[in-house]
Amino acid sequence: MERKDENGSSLHSPLLQIISVQKDDTEAVAEQYKKKRVVESERRKDFFEEVKKQLWLAGPLTSVSLLNFGIQIISVMFVGHLGELPLSGASMATSFTSVTGISVLFSPSCAKTWTGFSKEALHNIPSFLRLAIPSAAMVCLEMWSFEMVVLLSGLLPNPKLETSVFSICLNTAETFWMISFGFSGAVSTRVSNELGAAHPSAARLAVHVVLVLALIEGTLVGTVMILIRNIWAYAYSNEIEVVEYVAKMLPILAVSHFLDGLQCVLSGAVRGCGWQEIGAIINLGSYYAVGIPSAIVLAFVLCIGGKGLWLGMICALGVQVVSLVIITLRTDWEQEAKKAIDRVHDSMTLESTVS
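Residues numbered from 1 in each chain as written. Predicted model: local features only at pLDDT ≥ 70, side-chain atom pairs only at ≥ 80, totals over all residues. Heavy atoms only, no water.

Re the packing of helix α6 (residues 240-273) against helix α8 (residues 306-329)
At their nearest, the axes of α6 and α8 sit 9 Å apart, and the two run at 25° to each other. One way to sum up the angle between α6 and α8 is to call them roughly parallel. Classified by chirality, the crossing of α8 by α6 is left-handed. A class-by-class count of the residues in the contact of α6 with α8 yields 16 nonpolar, 7 polar and 3 charged. (Axes fitted to C-alpha atoms, helices over the stretch in contact; angles between N-to-C directions. Helix = DSSP H or I, 4+ residues; strand = E, 2+ residues; numbered from the N terminus. Parallel < 35°, antiparallel > 145°, perpendicular 65-115°, else oblique. Left-handed = near helix turned anticlockwise from the far one by under 90°. Nonpolar A, V, L, I, M, F, W, Y, C, P; charged D, E, K, R; others polar.)

Describing helix α7 (residues 276-301)
Taking 1.5 Å as the rise per residue, α7 with 26 residues should run 38 Å; its terminal C-alpha atoms sit 35 Å apart, in good agreement. Of all the bends in α7, the largest measures some 30° and sits at Gly291, one to four residues before the proline Pro293. Here α7 has its buried residues at Gln276, Gly279, Ala280, Ile282, Asn283, Ser286, Tyr287, Gly291, Ile292, Ala295, Leu298 and Ala299. If you follow the buried residues of α7, they end up packed against α3 (125-153), α6 and α8. A positive backbone phi angle near 60° is found at Cys303, which sits one or two residues after α7. (Expected span 1.5 Å × (residues − 1). Bend = angle between axes of the 7 residues up to and from the residue. Buried < 20%, exposed > 50% of the residue type's maximum accessible area, 1.4 Å probe, protein only. Contact = heavy atoms within 4.5 Å.)

A few points about the packing of helix α5 (residues 200-227) against α6
Between α5 and α6, the least distance of the axes is 9 Å, while the angle of their chain directions is 165°. With respect to each other, α5 and α6 are oriented roughly antiparallel. Here α5 runs over α6; the crossing is right-handed. Residues Val207, Val210, Leu211, Ala214, Leu215, Glu217, Gly218, Thr219, Val221, Gly222, Met225 and Ile226 of α5 touch α6, and the partners they reach there are Leu250, Pro251, Leu253, Ala254, His257, Phe258, Gly261, Leu262, Val265, Leu266 and Ala269. Here the residues of the contact of α5 with α6 are counted per class, giving 17 nonpolar, 5 polar and 1 charged.

Let's talk about the side chain of Gln263
Mapping Gln263 onto the fold places it in helix α6. The exposure class assigned to Gln263 is buried, which follows from its relative accessible area of 1%. Other than its neighbours up to four places away in sequence, Gln263 contacts Glu142, Tyr287, Leu317, Gln320, Val321 and Leu324.

Topic: the nonpolar core
Residues Val165, Val191, Leu195, Leu309 and Trp310 are the most contacted members of the largest nonpolar core, which totals 64 residues. Breaking this core down by element, the ones donating at least two residues are α1 (14-80), α3, α4 (159-196), α5, α6, α7, α8 and α9 (333-354). Among the elements that line this core, the one with the most residues is α6, at 16 residues. If we skip the residues at most four places from it in the chain, Trp310 touches Phe146, Phe166, Cys169, Leu170, Ala173, Met249, Ile252, Leu253 and Ser256. (Core = buried A, V, L, I, M, F, W, Y, C linked by side-chain atoms within 4.5 Å.)

Things to note about the side chain of Ser286
Inspection of the secondary structure assignment puts Ser286 in helix α7. Apart from residues no more than four positions distant in its own chain, Ser286 is found in contact with Gly291, Ala316, Val319 and Gln320.

Quick notes on the UniProt feature "transmembrane region" (unreviewed entry) in the protein chain
With numbering matched to this structure, UniProt assigns "transmembrane region" (unreviewed entry) to residues 55-79, 85-107, 128-156, 205-229, 281-302 and 308-329. Measuring from the first to the last C-alpha atom of residues 308-329 gives 32 Å, for a span that is 100% helix and 0% strand. (UniProt positions renumbered as here; feature names shortened; annotations may be inferred.)

A word on the confidence of the model for the protein chain
Summary statistics for the protein chain give a mean pLDDT of 79 and a share of 72% for residues scoring 70 or more. Contacts for the low-pLDDT stretch residues 1-11, under 50 throughout, to residues beyond four places or in other chains number 7 contacts. Below pLDDT 50 for its whole length, residues 99-106 participates in 4 contacts with residues either more than four positions away or in separate chains. (pLDDT = per-residue confidence, 0-100.)

A closer look at the pattern of salt bridges
Across all of its chains, the model carries 4 salt bridges by this definition. Notably, a salt bridge pairs Arg190 with Glu194, separated by 2.8 Å at the nearest N-O pair. Here the residue Arg190 and the residue Glu194 both occupy positions in helix α4, the gap between them amounting to 4 residues, near one helical turn. Taken individually, Arg190 and Glu194 each receive the classification buried, so the pair is uniform in this respect. When salt bridges that share partners are traced, they join Glu50, Arg190 and Glu194 into one network. (Salt bridge = Lys/Arg side-chain N within 4 Å of Asp/Glu carboxyl O.)

Below, the structure written as structure tokens:
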């Protein structure tokens, strides 16, 4: 017989059952919320940890690149104050050597990094070349296209002014591009390492983090370019005509840098996945099937001039970014991790066989 309280209510009455169920539901919701907070906290921790890793990698890369490129920056600045003709001449010479020149640097301080030739250097040469040649093509195709635009600027109605301005713009773009280049190297290293270690989720996180960093960097640098547009050219030239022209070009340059930063880090992720051939094909199509023809049409057919040349390159960057974003979104990171592990296994097997 059920025991009742003094009011005659049963302990199993509907009201008490509802209260009990509501209490259980509240506890379940609280537990789910607690778990959700823990998961979000872990995600934030992983995100900022990845940011720290990439900044530690990108910092030295950017610093070294800026130091190496600093010689060219200072040279162009000094030459620019001699007049439009010396600046345009230096611009053409720099562009020509950038397209055709090859330089090798040896330093005694780096002696331990390379101790000379050995038979081990002959191992895996075909595999190395399959990655090295497309990887070099990715970088060269992009850089050569911008240098070709400088050469094309010499065909415009006022070649001295156009090449002088393009020299300043290209010098500025390459200076800030070193930041994106550092992030590109960082994400390439992180993605390749995590895929090789069978951590596909960490590789995916590395790409997400570097995209956030690229968006922030592109926005900040673009804003700085717009703010200093009226005074920046004085570092290169005292010619008022050059200063005013550069002031008109820098907002376009800001858009270009923003897109270039995105494509740079996405290209780094592509290299980290071992898709150098795909990246080279995208760069070839973007710059030489879209960019250069668009620049020629805008500059010489529509008579927009120097702005048209750079707008043509923005078209190329836009196509490149869209293509790389599509590839990144369609990436099966688990499958890429399996491929990376197989490559490592094959390489180790080959080394043990040769030795």
